[in-house]
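What the coordinates show
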Amino acid sequence: MTIFHIPADEIELTAVRSQGPGGQNVNKVSSAIQLRFDVMASSLPIALKERLLCMRDHRITQSGWVVIKSQEHRSQDMNRMAALLRLHDLLELAAKVQKARQPTKPTRSS
């Protein structure tokens, strides 16, 4: 488990309205959270930035922004924590360096 420290001023958190059915409250309350993180302007190590931008993930835009929308909880605070946790999981996935594949030879009997 790798520990990342991202300053709060590098992450943009915006409250937006949730999608889908929900009754009267859904039209009045902005409980969903949209997280935006600029990879190139961040304080992450350069190698991690490159691996993150090379990932094929729908949450990473072509201009280098990570956009995560969290709307599964009813409260804004829970959605904020879920969005930050998803960003952390994405960074951990990018931080893993896969081992180089060792090519194998077919056996004599095959």
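Above this note sits the structure.
Residues numbered from 1 in each chain as written. Predicted model: local features only at pLDDT ≥ 70, side-chain atom pairs only at ≥ 80, totals over all residues. Heavy atoms only, no water.

Compared with an ideal rise of 1.5 Å per residue, which puts 20 residues at 28 Å, helix α2 (residues 76–95) spans 29 Å between its outermost C-alpha atoms and is within 8% of the ideal. For α2, the set of buried residues is N79, A82, A83, L87, L90, L91, A94 and A95. Of the surrounding elements, those touching the buried residues of α2 are β1 (11–16), β2 (32–38), α1 (46–54) and β3 (65–70). (Helix = DSSP H or I, 4+ residues; strand = E, 2+ residues; numbered from the N terminus. Expected span 1.5 Å × (residues − 1). Buried < 20%, exposed > 50% of the residue type's maximum accessible area, 1.4 Å probe, protein only. Contact = heavy atoms within 4.5 Å.)

Read across the open sheet, the three strands follow the order β1-β2-β3; overall the sheet is antiparallel. Two strands close off the open sheet at either side, each with one partner strand: β1 and β3. On average, adjacent strands in this sheet sit at an angle of 15° to one another, irrespective of strand direction. Where β2 meets β3, six bridges bridge the pair, whose relative direction is antiparallel. Considered in β3, the bridge of Q34 is made with K69. Seen against the sheet, α2 touches β1, β2 and β3 and runs at an angle of roughly 140° to β3. (Pairing = 2+ DSSP bridges. Axes fitted to C-alpha atoms, helices over the stretch in contact; angles between N-to-C directions.)

Summed over all chains, the structure comprises zero aromatic pairs. Above the plane of the ring of W65 lies R36, whose end atom (NZ or CZ) is 4.5 Å from the centre. (Phe/Tyr/Trp six-rings, centres within 6.5 Å; stacked < 30°, edge-to-face > 60°. Lys NZ or Arg CZ within 6 Å of the ring centre and 35° of its normal.)

A few words now on the nonpolar core. Core analysis: the biggest nonpolar cluster contains 20 residues, and F37, L52, V66 and L87 have the highest contact counts within it. Looking at this core, the elements with two or more residues in it are β2, α1, β3 and α2. Per element, the largest residue contribution to this core is six residues, and it comes from α2. (Core = buried A, V, L, I, M, F, W, Y, C linked by side-chain atoms within 4.5 Å.)

You can see D38 is positioned in strand β2. With no salt bridge to any partner, buried D38 finds its closest opposite charge in R36, at an N-O distance of 8.0 Å. Not counting chain neighbours up to four residues away, the residues in contact with D38 comprise E10, G64 and W65. (Lys, Arg positive; Asp, Glu negative; His and termini not counted. Salt bridge = Lys/Arg side-chain N within 4 Å of Asp/Glu carboxyl O.)

Here we take up the packing of α1 against α2. The N-to-C vectors of α1 and α2 enclose an angle of 105°; their axes lie 9 Å apart at closest approach. The angle between the axes of α1 and α2 places the two elements in the roughly perpendicular class. Residue-level contacts link L48, R51 and L52 of α1 to L90, L91, A94 and A95 of α2. Classifying every residue of the contact of α1 with α2 by side-chain character gives six nonpolar, no polar and one charged. (Parallel < 35°, antiparallel > 145°, perpendicular 65-115°, else oblique. Nonpolar A, V, L, I, M, F, W, Y, C, P; charged D, E, K, R; others polar.)

Turning to the environment of L53, a few remarks are in order. Here L53 is to be found in helix α1. For L53, a relative accessible area of 33% gives the class partly exposed. A sequence separation of 41 residues divides L53 from A94, and the C-alpha atoms of the two residues are 8.9 Å apart. If near-sequence neighbours (up to four positions away) are discounted, L53 is found in contact with V39, M40, I60 and G64.

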